Amino acid sequence: MVFVLPSAAIARLSASTPTEWLPPTPRDGAHLRVAPGEPIRLGLAARTSGAGGANITIGADGVPAGATFRTTPGNPATAGLAWIPTPGQAGKSFPLTFTAQPDAPTAPPGTRRLVVDVVRVLARAFTLSTHETATYRYAFVMRRVVARASPRRGAQPVARLMLLTPENTTNLVLALEGRRTKSGVWIRVRLPVLPNNRTGWVPRRSLSDWKLLRTHLVVDRSALRLTLFRAGRTIFSTRVGVGRLRSPTPRGEFYVRNMLFGFDDPFYGPIAFGTSARSTVLTDWPGGGFIGIHGTNRPGILPGRVSHGCIRLRNADIVRLARLLPVGTPLTIQ
């Protein structure tokens, strides 16, 4: 079935600690690289499960010269750092420490530490994701942006990227390559639009810091098999259901956009993944007819060509997959 979620089926997140960091916060210990004159924009968010909210603060060392840091208390609390390094800062490393302090005095704070390396020279063109080395990068969309056919401001628009997905999760894109031009740094990304397999260029400043992955999900429609690779090695494989002939699962290169829980309808199983793939037949479905990967309350029909385009797994298999498959993972449907 094409992946369309009612409002009651939107992801229900539960904080496992009193203070929890949320996307698009960089991972703890991340090393980010930037060249002089290249803008860098970090977004942070944190929430607490206790009463009240939280506030995100910068460490005692503060921010690098020329950077700005803004924070908004709440639950979640949010903050942002914006910076364009100068040539005089090239060759230096700048450690940053962020603390999410809950209002409740008994709740422990959460800390994120990262380092920004300002390199002297970066290549004009660079690869961000490739199957050759099983290395992939994705980023969250930090501002509404128009994706263009080439890396320049006046190029033909091909799609508009929003901050949220149709399921109200933070929107993200798989980053394929980058280009440094006189007007700034541009990134070619996969787009969740029709026609499928379309890509477009967006300014680097519209995206969060990079999230690095080594996972790759492959669905073989002929063999009715789903396989998850990590660093080129199989770590999970199972038989699945795919679309019927009149509503086929689309072929191409896509990515996993989000993971969703807590459905009132057992039809979807306990967990579902939303992808950037879209049905070429059921284009008028609510949300745009996105293809999902989800469980089922009818395991006896698997494997087979049984859906409106979605990829169905037995519930036990989708639970196993959820432990191994991070969002942002590239998806190849053969």
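Residues numbered from 1 in each chain as written. Predicted model: local features only at pLDDT ≥ 70, side-chain atom pairs only at ≥ 80, totals over all residues. Heavy atoms only, no water.

(A) Representation of the side chain of T296 in the model. In this structure, T296 sits in the loop between β23 (290-294) and β24 (304-307). Beyond its immediate stretch of four places on either side in the chain, T296 contacts P266, F267, Y268, G269, L302, R312, L313 and N315. (Helix = DSSP H or I, 4+ residues; strand = E, 2+ residues; numbered from the N terminus. Contact = heavy atoms within 4.5 Å.)

(B) Region of the structure containing the sheet that holds strand β2 (residues 31-34). The strand order across the open sheet formed by four strands is β2-β8-β7-β4, and the pairing between neighbours is mixed. Here the strands that pair on one side only, and so sit at the sheet edges, are β2 and β4 (54-58). Taking each pair of neighbouring strands and ignoring which way they run, the sheet shows an average axis angle of 25 degrees. (Pairing = 2+ DSSP bridges. Axes fitted to C-alpha atoms, helices over the stretch in contact; angles between N-to-C directions.)

(C) View of helix α1 (residues 315-324). For α1, the full list of buried residues reads D317, I318, L321 and A322. Down the axis, α1 shows its buried residues gathered within 140 degrees of arc, on one side only. Facing away from the buried side of α1 by over 90 degrees, the exposed positions are A316 and R323. Lining the buried residues of α1 we find β17 (215-220), β18 (225-230), β19 (233-239), β21 (252-261), β22 (271-278) and β23. (Buried < 20%, exposed > 50% of the residue type's maximum accessible area, 1.4 Å probe, protein only. Arc of directions from axis to C-beta.)

(D) Quick peek at the sheet that holds strand β1 (residues 19-22). One open sheet accounts for four strands, arranged β1-β3-β6-β5; its pairing is antiparallel. Each of the sheet's edge strands pairs with one partner strand only, and the pair in question is β1 and β5 (68-72). Taken over all neighbouring pairs, the strand axes of this sheet differ in orientation by 20 degrees on average, direction set aside. As judged from the five bridges shared by β5 and strand β6 (residues 77-83), these two strands associate in the antiparallel manner. Looking at β6, one finds that T68 is bridged to A82.

(E) Structural detail: the pairing of β23. Among the five residues in β23, five count as buried, and that is most of the element. Residue alternation in β23 divides its side chains into two sets, F290, G292 and H294 and I291 and I293, and both sets are buried. Pairing of β22 with β23, which is carried by four bridges, proceeds in the antiparallel orientation. If you follow R278 over to β23, its bridge partner there is F290. Relative to strand β25 (residues 311-312), β23 runs parallel, the two being bridged by two bridges. What sits directly across from H294, in β25, is R312.

(F) Geometry of the layout of surface pockets. If you add up the space inside the largest pocket, you get close to 1,300 Å³. What lines the largest pocket is a set of 48 residues, among which L22, P23, P24, F140 and T170 lie closest to the centre. If you list the elements that add at least two residues to the lining of the largest pocket, you get β1, β3 (40-48), β5, β6, β10 (136-140), β16 (211-213) and β21. Looking at the lining of the largest pocket element by element, the count peaks at six residues for β3. Looking at the lining of the largest pocket, its residues break down into 27 nonpolar, 12 polar and nine charged. (1 Å grid on protein atoms, 1.4 Å probe; cavity = no way out; pocket = protein on both sides within 12 Å on 5 of 7 lines; lining within 4 Å. Points joined across faces, edges and corners; volume = space filled by probe spheres on them. Nonpolar A, V, L, I, M, F, W, Y, C, P; charged D, E, K, R; others polar.)

Taken by themselves, the reported measurements are silent on function.
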